Number of protein chains: 2
Amino acid sequence: MAISFQQISSAMPVESAQIGYMPPVDNINAENLMSLVAFCQTKGFDFVVSPINAPGYRRVLFESDDPQSPEMMTWRAGQQAFTPEDLVLRTADHSDYIVGTISDWQNCDSPDTKVRLHSELALKQQFNWVSHLGLGGVMLPYPPSTEPLTNYGRVLTGALSILPYTTCWFKVPCMDEILERDVTEEAQGMKSWERWNSLRNMAGSDSKLGVALELSGALPSDAVLDRWFAEPVKVIVLPEDVFLTNNKGYPVLSKRHQHVVRKFIKFKPYFIISSSSFPKLTLDEFSDDMLEHSFASPHADYVRYLHRTQETPGVIDQFAVGYQDFLQAPLQPLQDNLESNTYETFEKDPIKYQQYELAVERALLDRPIPTNGEPDITVIMVVGAGRGPLVNCSLRAAEKAGRNVRVYAVEKNPNAFVTIQNMKANVWGDRVNIVFSDMRTWKAPEKADILVSELLGSFGDNELSPECLDGAQKFLKPDGISIPANYTTFVAPMASNKLHSDVATFKDLAHFETSYVVMFKAISLLAQPKSIWMFEHPNRTDIPMDQGKWALVEQLDNHHNVRSGSIEFTSENSGMIHGVAGYFESVLYKDVMLSINPETHSPGMFSWFPIYFPVKTPLYVPAHSQVVLDFWRLTDTRKVWYEWRVSCKMEGVGEIHSTPIYNVGGRSSSIGLF
Amino acid sequence: MAISFQQISSAMPVESAQIGYMPPVDNINAENLMSLVAFCQTKGFDFVVSPINAPGYRRVLFESDDPQSPEMMTWRAGQQAFTPEDLVLRTADHSDYIVGTISDWQNCDSPDTKVRLHSELALKQQFNWVSHLGLGGVMLPYPPSTEPLTNYGRVLTGALSILPYTTCWFKVPCMDEILERDVTEEAQGMKSWERWNSLRNMAGSDSKLGVALELSGALPSDAVLDRWFAEPVKVIVLPEDVFLTNNKGYPVLSKRHQHVVRKFIKFKPYFIISSSSFPKLTLDEFSDDMLEHSFASPHADYVRYLHRTQETPGVIDQFAVGYQDFLQAPLQPLQDNLESNTYETFEKDPIKYQQYELAVERALLDRPIPTNGEPDITVIMVVGAGRGPLVNCSLRAAEKAGRNVRVYAVEKNPNAFVTIQNMKANVWGDRVNIVFSDMRTWKAPEKADILVSELLGSFGDNELSPECLDGAQKFLKPDGISIPANYTTFVAPMASNKLHSDVATFKDLAHFETSYVVMFKAISLLAQPKSIWMFEHPNRTDIPMDQGKWALVEQLDNHHNVRSGSIEFTSENSGMIHGVAGYFESVLYKDVMLSINPETHSPGMFSWFPIYFPVKTPLYVPAHSQVVLDFWRLTDTRKVWYEWRVSCKMEGVGEIHSTPIYNVGGRSSSIGLF
C-alpha cells in the first residue's frame, strides 16, 4: 500500500498502524532494492527504509586525495552529478513506498576542514536527490554524542529549505550509550533528549524536523520518556533484537516495552521494524518460496496486535477525539450567552452532576430539623441554572434525603430560560420558582439556605464565579452555605512543542498573552502542579463577625477578588518550558469534590479540559533548577484578567532566565464583567 | 530655564550640562515649594526634584484601620481624589521645571495583601496625578534588595501606559548596601545592576523606563560600571556628601569620582545634586539675602566645570559626531559603486595611508637590488585604486626608499576612474599605468612584485577582499607579496540596550539577521574580543609547492574562502547579551599593522567602525559562565554571508541558553559577488 509521508506533519490521525521495514544499510544496493521492495510488500509492510547512497559514495570525503585532483575540484564546484555507482535509489520507482536514509559517515563537525566541508556538500547533494526523487520522508543520522552538533545543526537547518515536501526524521536512540560508563541510565536517556533539543533549537523549531525514536533493550525511566511526549516523535523504531521470543516461537515485547509502545501509540506514530539481516539477493535469485508463501512479518503483526488491542478509550478519551491539543478560547458566559449544544455537551458529564447531587444531599442531611414547630423547608437557589441540570440534582437530592425544599432557578440567558419554562410547566411544577435575572442584580423575595452554582472554569475562577457569587451571596442567609464551598487553582510548568507552535502561527504577541482551554496530549509537565490561590464562598474575607455570625457587607470594589501567587518548582530533569498548565480542585461540600488536577482528577469527568498559558520564547531549564511561576488575577471596573511570568533560577547562581510579564493590564486578553 | 524632559528619550544631544537640585523629601511641603523653586532658579539649577505627595499620604496604607471603614472603602473603589493635605505638588505651576518623586513607603511586594494592594493603588493614583500635571520626568524608588521586586515590576509595567509623555527614572544606588556585610564591593555593585535588569526584563525593555544612577562615596569597579554604559542611564545623582572640600573651601570630587563622572558625561545625562538640607521656610520667611545675593550652587558649578573641561574630543570622536550608536548597513563595494564623498571621507584618515606608505616602503627596501645587470624596477599594482590614494602612497614610498617603481592603478568604478584619469594627466604621468577593469577579470600585461589593496571591511573579510584578491593574485609573481599580507577577524559578546532596541523597531526577523557598522558608544563588552579566523594573501592554502615556489591554481569554487569558528569566553560578572561586536586586525607588511580591535586599535584611525551582529532575544549571562559564539562565513556562486549563534553554558550544568542559527543560507543578508 502506498502512503504519503506528508501526512506526518498534518494533524490527520492514522487509523491503523503504519509499519515500515528497515534492513541493515550495508545489505542494500541498487541490485537487490527491488527484492527488498517485493519482500516488504509480501510481508505486509506499509513502507520500506532504504539507504539513498551506496557505501562507495563515501569517496567524496577524498580522504587520501591530492587536494588538487580534478575530480575533487569538479565535485566541490558542484559540477559533478551522482554516478550510478554512488546510488542505491537510482530512479523514482516506488518512491511513494520508500523512506530514504542519509549516510551516517558524514561528519559536519569534524576538526578537519576538508571533512567538514565535504560532509556538508555531500549532505546537500543527498537532499537535492531526495527532493528530485520526491521521497516523502528521510531519516537523518544521529552524530556520536562525543562530538559537537553545531555545524551539523546549521547544515541541516539550511538544507531543510531544499525539501519543501519531505519530512525529516532525526533518528535518536532512546538511550545515548556513547556516554562514559559511570553515568546513570537517567543521564543516558536525558542526553538523547538534550541532543535533539539542541538541534531543534538551532533550527528554530522548524516543523519539517521530527524525531524517529529508536527503542533499545534498556529503556529510560518514565520521567525521561515523558519529555518525548511533548516532542514531535513521528516514528518509533523497533530493532528486531528488542523483541523476545514467546513459547510459541513468536516475537513479543517485554511488559515494560509494551507499556512504552502503547503510550506512544496514542500519538499515532509510524513504526519501523529494523532488522539486522537481509539477504543480498537480486529479485531473480530470491527464492519464489520466500515471496509467494511467506507470511506477514511476525514483528509487524505483533505491533498491529498492540495497536488493535489498545485499551478501549475511556469516556473522556471518546469525548476528546478531535479536541486533543486543540486550542480553544475559554468560555465567557457573562459576556456571551452559551449555545444550546454547549449546554447539551456539558450536561452529559456522568460525574459532575452525581457529585452535585451528593453535595446537596449531604448538605440537606446536615441541616437540623426545626424543633420549634416551624415547617422543615430548605430554600435552595440555583444561580446560573442554565437548562436546569442543577435543579434536577437538587430535587433528586431532596428526595433521597427525605427533606422538603423550595427551589429557585435563576438564569440570565433568555434562550436557556425557554427550556427552564418548559421544565417548570412539564416536570418541576410548584416545587421550583423560575427567575429570569442576572444573579448579581436580582432582588430575591426571601433568603436562601443553600446557594448552588456551576460557574467554574478550567482555572477555577476564570469564568468569574467569584464575582457572580459575590452578588448572589446577598440573598444567602448568614448561616447559609454555598455549593461549591471553595475552589483552588493549580499551575505547573510544562513542555509542548505542538501547542507552542500552534500559538506561534498567529505571529503576534496577543496570542501569546492569551490562555487556551486544551485537551492535553503531546505535553510533558516539568513538575507536579501546585496550588496558587483559592476562593471560598460565601466570602467572609475582611468582613467582621457580628455576634458569631458573619455580616454581609456590600463591597464598593472588586479588589477582594484580586489574587497573586509566586510558586517554586524543582525540575529534576532538564526540559523546555513552553508555558504553564492550569487546573482546579473544588470542594462542593465537605468531602464531595470536583477536580481536574491530574493527581486528584475526578474519574470520568470530562466537563473541563486544562488551561494553557503560553510563553513567547521557550525557556530551557537545566536539571535540578528551580522554576518560578508568578501569576496574578487582576481586576478593574469592567474586566478581570491574568498576568503571568516564568523564571528559572539555580542554587548559588540566582535567576538565569525570565520572561517579561505577559498580558500587562489585560491588554491582550480579559474576561468581561458585563 | 524651562526644559523639556522628553528630550531624554530622544537622540538629541544636550549641549551644556543640565543640572537639577533635589532637597530631602521630608523638608518639602506645599508651603515651601515656591521657596524651593525660587532658590533653585537663583542658584542656577535647570530643574528641581520635588516629592509629589506629602508624607501624610501614607495614611492610605490604612495600617491600623478597620477594613470596613467608609474612607478606606471609598478610596479602594477609586472614588476619593487627593485632598490638598495629601499633596506637595497641588497645581501645574512650574511643572516644566519640576521632576516628581514617587513616595518610597510603598511596598508592592509586602507579604501583607492589604499593603500590597494599597501600594499599587497609591502608585497608580500618583502616576495619574503626574500625568494630569504634565510633569516631564518622575523618579521611582528602589525597593530594598532584601525584598522581591516582582509585583513592583508588574505594577510599574502596567502604570507606564498611564504616562504617555513622562519618562520614568528608576533611582538605583551604584552600590546596593543592603546586602549582607561580608559580600564584596563587586557584588554590591552588580546587585544594583541585577535589580535594574530584573525590573527592565519584566517591563519588556519599555523605552519610557530609564535609570537615575546615584553615586556614593564608595564606587564599584570599572568592570561593574561598564555594565551601566550599555544601559539607558538618563540621570546621574550626586549626593552633596560625595563631594570633598578643596583648600579654597569649594566642593570637588575625588579623582576616581571625576573619572567616573567624565565617563558618563559622554552619554549626556542629566545631573542631580541631592542635598541633605533645605530650610523649611515659606517664600515670605526666606531671607531676601538668600535669594538675591546668592551665588550659583558651587556643586552645580563644579559639575559644569567638569562638563566644560571634558577633554577635547579626538579625531575619531570629532568625526564620529552623529554616527555614535547609529546603525549603518555595511558597504557593498562589489555590488555598488561608491560615491565620491564616501571616497572623500575615507581618504581623510590620517593614519591608514601613513601605514600603507610605510608598508610599501619597507617592502621596497626588503627587495634585493638586481646584481645581474637587470634594471631595478619594482612593479606595484594597486587593485581597487579608487580615486588614487594608494597610488600616491606607493609613489611616496618609492621616493623614500629610493627605488624605481612601475605602478598600475586598476579600478572598476567608472566614476572614480574619471578622477584617476585626471591624476594621471596632471600628476602621475608615465610612472602610473591606469586600467579600467575588475581586478578579477583583468588580463595583466606583466606580473606584479607587490599587490596593494584596501578592500577590508569592519569584519575584515566582509567586503570580499578574499574573493577579489583571489582574482588579482593571478598576476602576482610567485615570490610577489600582497599588502595587506593578512587580516584576522575578532568577536566579543556585548550588551547594548540601545542598539538592540533600535534593531527591534523594524519589527521583523530580517533586521535581526543583518550586521550593522556602528560607532559604538552605549555598549559594554562582556569579555575581551578573541580572534575567530584569518585570511592570508597571496592564498597558498591547499596549493602544492612547485620547486620551492607556490603555483597558482585556478579555483573552480569559493569553498577555500569558507571559514568558521566557535569561541568560548568567560564572563566574570553577570550581564545581558544583545549581540556580538566584530573587529579586525590586519598585517599590511611585517610589523606594519592596521587594527580596530580595541586592545590594539591604531591610534587616530577612523576609517572603520566596529560591526554589530544582533541576537533576537537577549540572553542573560550569569557571572563566571561561558559564552560561546559560533560564526560561519559561507558562500555560494552568487554571494557570501555570515551565520551566527550565541549560547551560554555553566560548569557542571551544560548549555543553559542558546539562540537559533541566524541568517540561515544568507536568507536575510548577504554580500553579492557581482
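Keep in mind that this is a model prediction, so the values were computed, not measured. (Residues numbered from 1 in each chain as written. Chains lettered and ligands numbered in written order. Predicted model: local features only at pLDDT ≥ 70, side-chain atom pairs only at ≥ 80, totals over all residues. Heavy atoms only, no water.)

### Focus on the pairing of strand β25 (residues 611-621) of chain B
The two faces of the sheet receive side chains in turn, since in a regular strand these alternate between them. Residues and elements named next belong to chain B. For β25, the buried fraction is high: eight of the 11 residues fall into the buried class. In this structure, strand β17 (residues 516-517) lies alongside β25, joined through two bridges in antiparallel fashion. Counted as the bridge partner of Val 517 is Ile 611 from β25. Strand direction decides the pairing type here: strand β23 (residues 575-589) and β25, joined by seven bridges, are antiparallel. Note that in β25 the partner of Val 580 across the bridge is Phe 613. (Buried < 20%, exposed > 50% of the residue type's maximum accessible area, 1.4 Å probe, protein only. Helix = DSSP H or I, 4+ residues; strand = E, 2+ residues; numbered from the N terminus. Pairing = 2+ DSSP bridges.)

### Focus on the nonpolar core
Membership of the largest hydrophobic core comes to 210 residues, with the highest contact counts inside it found for A:Ile483, A:Phe631, B:Ile483 and B:Phe631. Contacts of A:Phe631, omitting those with residues within four sequence positions, involve A:Phe459, A:Val491, A:Ile532, A:Trp533, A:Arg563, A:Ser564, A:Gly565, A:Val580, A:Phe613, A:Glu643 and A:Trp644. (Core = buried A, V, L, I, M, F, W, Y, C linked by side-chain atoms within 4.5 Å. Contact = heavy atoms within 4.5 Å.)

### Structural notes on the relation of the copies chain A and chain B
Expressed as a screw operation, the relation of chain A to chain B combines 0.0 Å of axial shift with a rotation of 180 degrees, fitting to an RMSD of 0.0 Å. With respect to symmetry, the two chain copies, as superposed, fit the operation of a two-fold axis. Take the interface residues of chain A: 100% of them recur as interface residues in chain B, which is what a same-surface contact looks like. (Least-squares fit on C-alpha atoms with pLDDT ≥ 70 in both.)

### Let's talk about the interface of chain A and chain B
The parts lose accessible area when they come together, and the size of an interface is often stated as this lost area. On the side of chain B, 49 residues touch chain A, which itself brings 49 residues to the contact. Summing both partners gives a buried area of about 3,900 Å² for chain A against chain B, and 59% of it is carried by carbon and sulfur. For the pair chain A and chain B, the interface holds two salt bridges. In this structure, A:Arg76 engages B:Asp557 in a salt bridge whose closest nitrogen and oxygen atoms are separated by 3.7 Å. Along the contact surface separating chain A from chain B lie 11 residue pairs in polar contact (both at pLDDT 80 or more). Among the elements of the structure, α2 (70-76), α3 (113-133), α4 (150-159), α5 (185-202), β25 (611-621), β26 (625-635), β27 (639-650) and β28 (654-658) of chain A are those that each provide at least two residues to the side of chain A that touches chain B. If one sorts the elements of the side of chain A that touches chain B by residue count, α4(A) sits on top with six residues. In terms of residue class, the side of chain A that touches chain B is made up of 20 nonpolar, 19 polar and 10 charged. (Buried area = accessible area lost by both parts, 1.4 Å probe. Salt bridge = Lys/Arg side-chain N within 4 Å of Asp/Glu carboxyl O. Polar contact = N/O pair within 3.5 Å; in protein donor to acceptor, adjacent residues only side chain to side chain. Nonpolar A, V, L, I, M, F, W, Y, C, P; charged D, E, K, R; others polar.)

### Let's talk about the confidence of the model for chain A
All names here are of chain A. Residues of chain A with pLDDT of at least 70 account for 92%, and the chain-wide mean is 89. Residue range residues 1-14 is modelled with pLDDT below 50. Its contacts to residues more than four positions away, or to other chains, number 31 contacts. Below a pLDDT of 50 lies the segment residues 542-552, which in the model reaches 19 contacts outside its immediate sequence neighbourhood of four places, other chains included. In the predicted assembly, ipTM is 0.89 and pTM is 0.91. (pLDDT = per-residue confidence, 0-100.)

### Overview of the domain arrangement of chain A
Partitioning chain A into domains gives domain 1 (5-309), domain 2 (334-454) and domain 3 (485-674). With centres defined by C-alpha atoms, the gap from domain 1 of chain A to domain 2 of chain A works out at 60 Å. (Domains from an automatic or database assignment.)

### Looking at the UniProt feature "binding site: S-adenosyl-L-methionine" (unreviewed entry) in chain A
Residue and element names in this part refer to chain A. Summarizing the sequence annotation, UniProt attributes the feature "binding site: S-adenosyl-L-methionine" (unreviewed entry) to Tyr 343, Lys 352, Tyr 353, Glu 411, Asp 438 and Met 439 in the numbering used throughout. Look at the named residues: they lie 97 residues apart in sequence, and the longest C-alpha span between them is 23.7 Å, so in the fold they stay spread out. Positionally, Glu 411 belongs in strand β12 (residues 404-411). Judged by relative accessible area, which is 6%, Glu 411 ranks as buried. Ignoring anything within four residues of it in the chain, the contact list for Glu 411 reads Tyr 343, Gly 384, Ala 385, Gly 386, Ala 416, Phe 417, Ile 420, Val 435, Phe 436 and Ser 437. At a separation of 3.1 Å, a polar atom in the side chain of Glu 411 contacts the main-chain amide nitrogen of Ala 385. Along the chain, Asp 438 turns up in the loop between β13 (432-436) and β14 (448-453). (UniProt positions renumbered as here; feature names shortened; annotations may be inferred.)

### What to know about unusual backbone geometry
Backbone torsion omega between A:His537 and A:Pro538 reads -5 degrees, so that peptide bond is classified as cis. Mapped onto the secondary structure, A:Pro538 falls in the loop between β19 (530-536) and β20 (545-546). Between B:Ile483 and B:Pro484 the backbone carries a cis peptide bond, its omega angle lying at 10 degrees. With respect to the secondary-structure elements, B:Pro484 resides in the loop between β15 (476-483) and β16 (486-495).

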